[in-house]
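# Residue-level structural notes
Below are the chains, spelled out letter by letter.
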Amino acid sequence: MSVTSHPMRSRSVLEVRSHFLPYHLPSIEQEEIDAVVDTLRSGWLTTGAKVKQFEEAFRAKVGARHAVALNSCTAALHLALEAVGVREGDEVIVPTMTFAATGEVVAYLKAKPVLVDCRPDNLTIDVDQVERSLSPKTKAILPVHFAGHPCDMVPLLELARSRNVYVIEDAAHALPAWYQGVMVGAIGDITCFSFYATKTITTGEGGMATTQHGEWAERMRVMSLHGMSRHAWNRYSAEGSWSYEILQSGYKYNLTDLAAALGIEQLKKCERFWKIRERYAALYHEGFEDLPEIIRPAVADNVQPAWHLYVVQLDLHRLRIGRNEFIDLLKKYNIGTSVHFIPLHLHPYYRRTYGYRPADFPNARACFDRILSLPLYPKMSEADVYYVIDVVREVVQHYRR
Ligand SMILES: *Cc1c(COP(=O)(O)O)cnc(C)c1O
């Protein structure tokens, strides 16, 4: 069907808001600006004291023994797999319902990403399928805490332990999130966070790997800066020396002090931001309660999601329009949305390289047609949330079968 410029003029009681409500906006306040300016004035821009301070604060926050700051979550995932020994010819189990980064880091190491389906209720990894996909070549499992909802970690870890494979968590969405009272970041072998511009806290670009194992932390630290034995900060500070050794052929994945200065301030606000997102998610939940056309995200017992995203699924049998038309209609009402994600197995690279077909993962395939992510971030107002609710209700009422 075609979408006209005023799709519901005849029935609508809603005024279209005058300003576009973006799908996401970062919350950058005076503290962040001051911290970056101070760092600019300090004369030390790249990895140094601010990065150390950020790592220490982050480690303490999630309850991990070690934290290694990196310039992206992608870098963290890459180094985490490298640290636990993923090598050419190994297999790593990856959910198909994720972002490009989760799969590509496996390919960086010439290992094979073995895709598995998601659960239809919260779109996290299907643990039964993980079990069926394990092989003697499996070296690691890479669950994604989708939208900030923790995966079911107890059966996943039991499975991994019994088969001698590592669990590297993609927690790009999951700060802060709790699973059975334990914070994501202190659960699996290595956990990887993102501070990309749209994530729950941001440094523009940035990431963090947390672990309880000193050896892995050290390996990631060394590999993050050319495989060198000591960091520039040690080399150029008063107590450092000029000497270093190249221990490995490493990468250039270090975080800058400029980014860390931002991160330190954002981390202090992490809890405040989360409370707002949780409240807004509850408003959405209530707002769509009586609409069978809108399938709300399920929350498992004894978890607290980070609410990075609020992903609804449309019950397409009850609507006369598809997801894409739904998105276009929200845009006409000046509301930005997004889709998380186009499953990996539908992309040309995965089809061509590994022979995946659309029907291989029916849950992900079906969910993909139904999902959309509504705006959810602390910088939007409660009135913005109510506006989104009203518009979604209006669209549903107009286009229900
Ligand atoms: C954003 C994202 C990443 C990558 O994070 P970067 O910091 O941009 O590298 C990885 N996995 C998922 C699920 C993401 O959404």
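Computed from a prediction, not measured in an experiment: that's the story for all the values here.

## As for the packing of aromatic side chains
A complete count under the given rule lists 17 aromatic pairs for this structure. Between Y284 and Y310, the aromatic rings sit 5.0 Å apart at their centres with planes inclined by 35°, giving tilted as the arrangement. In this pair, Y284 is assigned in helix α10 (residues 270–287) and Y310 in strand β12 (residues 310–314), connecting sequence segments 26 residues apart. Through successive ring pairs, a cluster of aromatic residues spans Y349, Y350, Y354, Y356 and F361. If you follow R17 out to its NZ or CZ, it ends over the ring of Y387, 5.6 Å from the centre. The ring of F368 carries R323 above its face, with NZ or CZ at 4.9 Å from the centroid.

## Looking at the side chain of T200
With respect to the helices and strands, T200 occurs in the loop between β8 (190–194) and β9 (207–211). Of note is the side chain of T200, whose polar atom sits 2.6 Å from the backbone oxygen of L175. For T200, the residues in contact, after removing those within four places along its chain, are H173, L175, F273, R277 and H308.

## Some details on the domain arrangement of the protein
Splitting the protein by domain gives domain 1 (30–268) and domain 2 (270–399). Computed over C-alpha atoms, the centres of domain 1 and domain 2 are 26 Å apart. Every contact between the two is made by 45 residues of domain 1 and, on the other side, 36 residues of domain 2. Here domain 1 packs against domain 2, burying approximately 3200 Å² in sum over the two surfaces, 64% of which is carbon and sulfur. Joining domain 1 to domain 2, the criterion identifies 1 salt bridge. A salt bridge links E271 to K61; its shortest N-O distance comes to 2.5 Å. Our enumeration of links across domain 1 and domain 2 arrives at 17 residue pairs in polar contact (both at pLDDT 80 or more). For the side of domain 1 that touches domain 2, the secondary structure elements donating two or more residues are β2 (91–95), α4 (100–108), β3 (112–116), β6 (178–179) and α9 (257–268). For the side of domain 1 that touches domain 2, the leading source of residues is β3, giving 5 residues. Tallied by class, the residues present in the side of domain 1 that touches domain 2 amount to 25 nonpolar, 12 polar and 8 charged.

The rules behind each value
- Residues numbered from 1 in each chain as written.
- Predicted model: local features only at pLDDT ≥ 70, side-chain atom pairs only at ≥ 80, totals over all residues.
- Heavy atoms only, no water.
- Phe/Tyr/Trp six-rings, centres within 6.5 Å; stacked < 30°, edge-to-face > 60°.
- Helix = DSSP H or I, 4+ residues; strand = E, 2+ residues; numbered from the N terminus.
- Lys NZ or Arg CZ within 6 Å of the ring centre and 35° of its normal.
- Polar contact = N/O pair within 3.5 Å; in protein donor to acceptor, adjacent residues only side chain to side chain.
- Contact = heavy atoms within 4.5 Å.
- Domains from an automatic or database assignment.
- Buried area = accessible area lost by both parts, 1.4 Å probe.
- Salt bridge = Lys/Arg side-chain N within 4 Å of Asp/Glu carboxyl O.
- Nonpolar A, V, L, I, M, F, W, Y, C, P; charged D, E, K, R; others polar.

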